[in-house]
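Okay, here's what each chain looks like letter by letter:
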Number of protein chains: 2
Amino acid sequence: MTRPSDLRILAETLFADLRAAGGGSDEAPDIGVSRDSYGAGETAALAVIERTARAHGLPCHRDAAANLVVILPGAARDLPAIACGSHLDSVPRGGNYDGAAGVVAGLLALISLRASGITPRRDIHLYALRGEESAAFGRAYIGSSALFGELGADDLALTHATTGQTLSTRLADVGADLPRITRRETLLDPKSLVCWLELHIEQGPVLLARGLPLAAVTGLRGNVRHRSVLCLGEAGHSGAVPRWLRHDAVFAVADLLARLDGHWQRLIAQGHDLVMTIGVIGTDPAEHAIARIPGKVAFSFEARSDSEATLDSVHALFLAECDRVAEERGVRFIPDRRLDTRPARLDPALVGRVRAAIRGLGLADEPIASGAGHDAAVFVQAGVPSAMIFVRNAHGSHNPAEAMTIDDFMLGAEALRQCLAEGAQ
Amino acid sequence: MTRPSDLRILAETLFADLRAAGGGSDEAPDIGVSRDSYGAGETAALAVIERTARAHGLPCHRDAAANLVVILPGAARDLPAIACGSHLDSVPRGGNYDGAAGVVAGLLALISLRASGITPRRDIHLYALRGEESAAFGRAYIGSSALFGELGADDLALTHATTGQTLSTRLADVGADLPRITRRETLLDPKSLVCWLELHIEQGPVLLARGLPLAAVTGLRGNVRHRSVLCLGEAGHSGAVPRWLRHDAVFAVADLLARLDGHWQRLIAQGHDLVMTIGVIGTDPAEHAIARIPGKVAFSFEARSDSEATLDSVHALFLAECDRVAEERGVRFIPDRRLDTRPARLDPALVGRVRAAIRGLGLADEPIASGAGHDAAVFVQAGVPSAMIFVRNAHGSHNPAEAMTIDDFMLGAEALRQCLAEGAQ
């Protein structure tokens with residue numbers, strides 16, 4: 001029988017080993033961990049998980065995309081399996097928990113279930129995925145996308161940010177079946193899985209601000225974007241043109257943004273999931289001056305929501321307000337091409353099971369949307385019903401200051417274990 | 001007797017000669033005119049005016065700052081004189097009328113008065129000033145400032161934008177009394193003048209928009225500026241942080257500007273003279289991204305008004321709204337040093353005389369503030385009561401497309417003649 005205290009020690013040991021696999025050290029926390037996608041650190045991390053799994057009697061194999069799969073065999077092995085997992089790569093000098101937390105939580109669940117002596121009805125599979133971060137090749141979710149035939153020739157030709165090696169070279173080097181991937185074969189039949197469960201640290205501050213260790217994820221936000229929207233007014237002498245003859249591009253954009261901010265507040269008050277970001281804005285350095293009415297401003301536009309309908313209505317509001325401001329102020333708005341990333345809908349029944357598990361731990365149940373993307377979105381697109389568990393985390397992600405407590409993690413691992421045990425029946 | 005049609009032909013001849021003095025040509029209007037401050041074009045332009053003045057029996061001399069002075073002697077020559085004029089230099093590839101219109105109008109007035117055979121009670125002086133534009137030495141109003149001891153050692157050490165010669169070298173070369181200027185002597189006793197009258201093209205679009213050929217100027221706007229105001233919020237992942245946990249610098253600045261725009265509209269509705277310009281704004285290219293909540297925005301701030309009280313209250317509103325937005329949105333505003341240029345108050349009685357002259361021509365009388373600076377401001381600061389007449393002009397100034405019609409100009413010249421004749425009694 002594996003006691004809870006044993007599991008906690010195992011978790012701490014695994015995180016320490018994974019940190020070491022990524023070149024990290026407790027003595028110099030600032031250097032963070034670097035588990036390069038399809039590189040040495042990631043491969044070492046897969047080995048840490050495989051070694052521990054085998055030591056606890058769990059069979060392992062590498063799938064055709066060179067991801068690690070750990071299996072707790074069920075009684076009826078021909079039934080579709082229940083799957084969990086996350087990724088083991090990291091951004092350069094990143095944090096130790098982004099991705100790895102989900103793999104360690106899955107491994108603890110399998111070890112704990114096996115130790116309890118109960119054989120589940122169906123197999124439980126843990127995936128330790130490779131290549132989720134886009135830092136190395138400029139493309140995210142490589143390891144999961146390869147499983148569903150979603151890597152194109154252009155993806156395989158991508159080169160590594162620092163070594164210049166192609167992704168196809170790296171895939172072959174770590175043992176992936178490059179010919180099948182190149183032919184875009186389905187390496188993992190979506191019908192062979194009943195669902196996908198992924199635990200991940202929250203990459204935002206919501207759980208910290210709410211004082212909650214865990215949350216079920218309602219969905220993965222999609223977004224609608226314009227990389228650049230031009231507002232064209234009319235430049236002029238800042239002293240010589242009165243307000244009624246101005247076509248000031250900066251005041252026009254400020255007016256537009258104030259209106260959009262009003263819509264944003266109303267929409268979230270009505271219960272819609274929505275964030276809006278103007279990450280880039282600027283007058284033209286080639287012609288702007290303190291004493292010149294700005295005739296041109298460029299800005300980016302992004303809205304994110306877990307609902308496609310909300311994204312569409314926010315974009316329609318954006319265009320409508322551009323028209324109103326243009327009409328009122330005699331300016332023109334010229335948006336570049338609309339770019340869409342569809343939201344990934346998580347499975348309501350599965351989300352309900354995660355929420356029940358969280359309540360079962362005596363915790364408040366306040367689900368949140370995921371703003372960042374995850375491998376779970378790839379499983380959703382492939383048709384696998386999915387759900388996610390977020391664990392509280394400070395300082396965002398993709399940096400060495402990323403901070404999850406082991407207490408919070410153990411609660412998350414327990415929630416995952418319960419969902420797997422229930423789903424495997 | 002000089003007939004009005006003779007004056008019109010003379011005006012056209014003078015403008016053609018001044019255009020040629022600045023290297024301009026009717027065949028290639030795009031090259032504009034270049035009458036470099038204290039350079040060859042400006043000197044040639046002074047010679048054009050002097051030659052014409054002498055041909056019409058008007059005595060001329062160069063003052064101690066090398067400006068040209070044309071005199072219509074009065075009956076009581078010891079009385080303070082009435083003065084008019086403007087500048088003859090231009091920006092490189094500028095328009096032909098910015099400055100020159102005021103000198104030509106003054107010359108026409110003196111020629112016409114002399115031709116009428118009436119000797120005014122007091123002298124009428126026409127100044128063809130040098131060095132008004134800041135393009136050459138980065139300092140404006142050099143010719144008028146020198147007259148009142150307002151050029152400092154740092155001004156005299158300024159170097160020409162293209163030749164690199166110092167201003168003091170150029171002043172000496174054109175015959176200015178450099179030792180007296182260096183000692184900051186008063187070269188022109190303000191008490192020797194009863195007033196200063198300056199005709200100038202409008203550098204903005206107001207008269208064109210109102211369909212008026214002329215306007216009296218109510219005052220020369222001063223301004224209050226911050227070259228750079230920083231808004232500091234908190235950067236973050238654009239998908240992972242909900243609205244209630246954001247400290248978005250761009251939405252904060254948009255909020256601030258929308259509030260200021262509201263104050264602006266209210267203040268002008270109440271009859272205050274005010275323009276406001278955010279000529280420069282931008283997120284930081286070193287850290288901004290479409291998918292990153294902007295943590296930092298920098299922008300310039302400028303308000304202009306003919307009233308110092310209005311400038312002070314607008315600046316106070318600006319700081320108060322910064323505080324409110326900072327409080328509501330959890331951001332900080334850090335303005336750099338406040339820079340002030342005081343408004344120049346024109347003389348109400350003299351402005352009244354200009355307005356009466358405009359009405360006397362059967363024209364609508366709708367005075368406007370001057371947003372750009374003029375030599376008149378230097379005379380005001382020296383204590384000389386001053387007024388200005390604006391002539392309608394298209395396409396702004398400081399460019400070859402600047403466009404004043406001779407019809408409008410002749411109306412302005414006539415208004416100036418009447419003001420001078422009345423003031424000289």
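Residues numbered from 1 in each chain as written. Chains lettered and ligands numbered in written order. Predicted model: local features only at pLDDT ≥ 70, side-chain atom pairs only at ≥ 80, totals over all residues. Heavy atoms only, no water.

Okay, the pattern of salt bridges next. Residues and elements named next belong to chain A. Under the criterion given, the structure shown has 58 salt bridges over all chains. A salt bridge links Asp-312 to Arg-338; the nearest nitrogen and oxygen atoms lie 2.7 Å apart. With Asp-312 in helix H10 (residues 308-329) and Arg-338 in the loop between strand S13 (332-335) and strand S14 (339-341), this pair connects stretches of sequence that are 26 residues apart. Classification of Asp-312 by relative accessible area gives partly exposed; the value is 34%. On the basis of relative accessibility, which here comes to 28%, the residue Arg-338 falls in the partly exposed class. (Salt bridge = Lys/Arg side-chain N within 4 Å of Asp/Glu carboxyl O. Helix = DSSP H or I, 4+ residues; strand = E, 2+ residues; numbered from the N terminus. Buried < 20%, exposed > 50% of the residue type's maximum accessible area, 1.4 Å probe, protein only.)

Gaps between atoms show up when a probe of the same size as a water molecule is rolled over them. By volume, the second largest pocket amounts to about 1200 Å³. Taken together, 42 residues line the second largest pocket, and the ones lying closest to its centre are A:Ala140, A:Tyr141, A:Asn223, A:Thr341 and A:Gly373. Among the elements of the structure, strand S7 (222-232), S14 and helix H12 (375-381) of chain A together with strand S8 (236-237) of chain B are those that each provide at least two residues to the lining of the second largest pocket. Taken together, the residues of the lining of the second largest pocket sort by class into 14 nonpolar, 16 polar and 12 charged. (1 Å grid on protein atoms, 1.4 Å probe; cavity = no way out; pocket = protein on both sides within 12 Å on 5 of 7 lines; lining within 4 Å. Points joined across faces, edges and corners; volume = space filled by probe spheres on them. Nonpolar A, V, L, I, M, F, W, Y, C, P; charged D, E, K, R; others polar.)

Checked against the element boundaries, B:Thr310 lands in helix H10 (residues 308-329). Setting aside residues no more than four positions away along its own chain, B:Thr310 makes contact with B:His272, B:Asp273, B:Leu274 and B:Ser305. (Contact = heavy atoms within 4.5 Å.)

Here we come to empty space enclosed by the protein. For the coordinates displayed, the defined rule picks out three cavities of 30 Å³ or more. Space inside the largest cavity adds up to approximately 80 Å³. The residue inventory of the lining of the largest cavity, partitioned by class, reads 12 nonpolar, no polar and no charged.

Attention now moves to the domain arrangement of chain A. Residue and element names in this part refer to chain A. Split into domains, chain A comes out as domain 1 (4-221 + 343-423) and domain 2 (223-340). Using only C-alpha atoms to locate each centre, domain 1 and domain 2 end up separated by 39 Å. The partner domain 2 presents nine residues to the seven residues of domain 1 that form the contact. Between domain 1 and domain 2, a total of about 590 Å² is buried, with carbon and sulfur atoms accounting for 52% of that surface. When residues of domain 1 are sorted by the area they lose upon contact with domain 2, Arg-221, Pro-343 and Gly-371 head the list and together hold 81% of the total. Ionic pairing is found between Arg-221 and Asp-273, a salt bridge with its closest N-O pair at 2.7 Å. For the interface between domain 1 and domain 2, the tally reads three residue pairs in polar contact (both at pLDDT 80 or more). The greatest single-element share of the side of domain 1 that touches domain 2, amounting to three residues, is contributed by strand S6 (residues 214-220). Grouping the amino acids of the side of domain 1 that touches domain 2 by side-chain chemistry returns three nonpolar, three polar and one charged. (Domains from an automatic or database assignment. Buried area = accessible area lost by both parts, 1.4 Å probe. Polar contact = N/O pair within 3.5 Å; in protein donor to acceptor, adjacent residues only side chain to side chain.)

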